[in-house]
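Coordinate inspection notes
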Amino acid sequence: QAQLVESGGGSVQAGGSLRLSCVAPEHMYVGRCMGWFRQIPGKEREEVASSYTFGGDAHYADSVKGRFTISQDHAVNTVYLQMNSLKPEDSATYYCAAASSCARLRRGSPEFWGQGTQVTASS
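Residues numbered from 1 in each chain as written. Predicted model: local features only at pLDDT ≥ 70, side-chain atom pairs only at ≥ 80, totals over all residues. Heavy atoms only, no water.

**With respect to the pattern of salt bridges**
Tallied over the full model, the rule gives 6 salt bridges. R38 serves as the salt-bridge partner of D90, at 2.9 Å between the closest nitrogen and oxygen. A residue pair is termed long-range when its members are at least 10 positions apart, and D90 in the loop between strand 8 (78-83) and strand 9 (92-99) and R38 in strand 4 (residues 33-39) qualify at 52 residues. With a closest N to O distance of 3.1 Å, K65 and D62 form a salt bridge. Each of the salt bridges in this network shares a partner with another, and the network as a whole consists of R38, E46, R67 and D90. (Salt bridge = Lys/Arg side-chain N within 4 Å of Asp/Glu carboxyl O. Helix = DSSP H or I, 4+ residues; strand = E, 2+ residues; numbered from the N terminus.)

Right under this line is the structure:
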């Protein structure tokens, strides 16, 4: 059973914004790389953003650069994905992930996954 819990998904008009949240147990959060993937049915899951929880440069998929921002709140072991200027092609199930390194996460093998939250952006 997933211990990463995503929330914040929903339906918006194209150009709108949503903020996703992922709450993790402390042992899955401190000193880890956390990020967000998304998946459209029939397509491979793809990383959209990731960052070490203790700082460092964030990584973004080219398709979301300038529109999405990943951030963390250490007090509540939470990672966020602020999504602005949403496009219909951003519509997907978004999954939170945690890994021992960003290299591991970015190659698609994080140790932990959330259950996912649905995002829909309509024209």
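**As for the pairing of strand 5 (residues 46-52)**
Counting buried positions along strand 5 gives 5 out of 7 residues, so the element sits mostly inside the fold. Counting the residues between successive antiparallel strands, the hairpin from strand 4 to strand 5 contains 6 residues, one of them, G42, with a positive phi of roughly 85 degrees. When strand 5 meets strand 6 (residues 59-60), the two strands line up antiparallel, connected through 2 bridges. Within strand 6, the residue paired with A49 across the bridge is Y60. (Buried < 20%, exposed > 50% of the residue type's maximum accessible area, 1.4 Å probe, protein only. Pairing = 2+ DSSP bridges.)

**Quick word on the side chain of R67**
Position of R67 relative to the elements: it lies in the loop between strand 6 and strand 7 (68-73). A polar atom in the side chain of R67 sits 3.0 Å from the backbone oxygen of S85. Among residues more than four places away in sequence, those in contact with R67 are Q82, M83, N84, S85, L86, K87 and D90. (Polar contact = N/O pair within 3.5 Å; in protein donor to acceptor, adjacent residues only side chain to side chain. Contact = heavy atoms within 4.5 Å.)

**Topic: the nonpolar core**
Counting residues in hydrophobic clusters, the biggest one holds 27 residues, and the most contacted among them are L4, M34, W36, L81, M83 and Y94. The set of elements that each furnish at least two residues to this core consists of strand 3 (18-23), helix 1 (26-29), strand 4, strand 5, strand 7, strand 8, strand 9 and strand 11 (117-122). For this core, the leading source of residues is strand 9, giving 4 residues. Contact partners of L4, with chain neighbours within four places excluded, come to C22, V23, A24, M28, M34, C96, A97, A98, F112, W113, G114 and Q115. Among the nonpolar cores identified, the runner-up in size contains 6 residues, and C33, A97, C102 and L105 belong to it. (Core = buried A, V, L, I, M, F, W, Y, C linked by side-chain atoms within 4.5 Å.)

**Regarding the state of the cysteines**
Here the structure, examined in full by the defined rule, presents 2 disulfides. There is a disulfide in this structure between C22 and C96, and the S-S distance comes to 2.0 Å. Residues C22 and C96 share a disulfide whose torsion about the S-S bond is about -80 degrees; that sign makes it left-handed. Separated by 74 residues along the polypeptide, C22 in strand 3 and C96 in strand 9 bring together distant segments of the chain. A disulfide bridge connects C33 with C102, and the sulfur atoms are separated by 2.1 Å. Its S-S torsion of about 95 degrees marks the bond between C33 and C102 as right-handed, since a negative value means left-handed. (Disulfide = S-S within 2.5 Å.)

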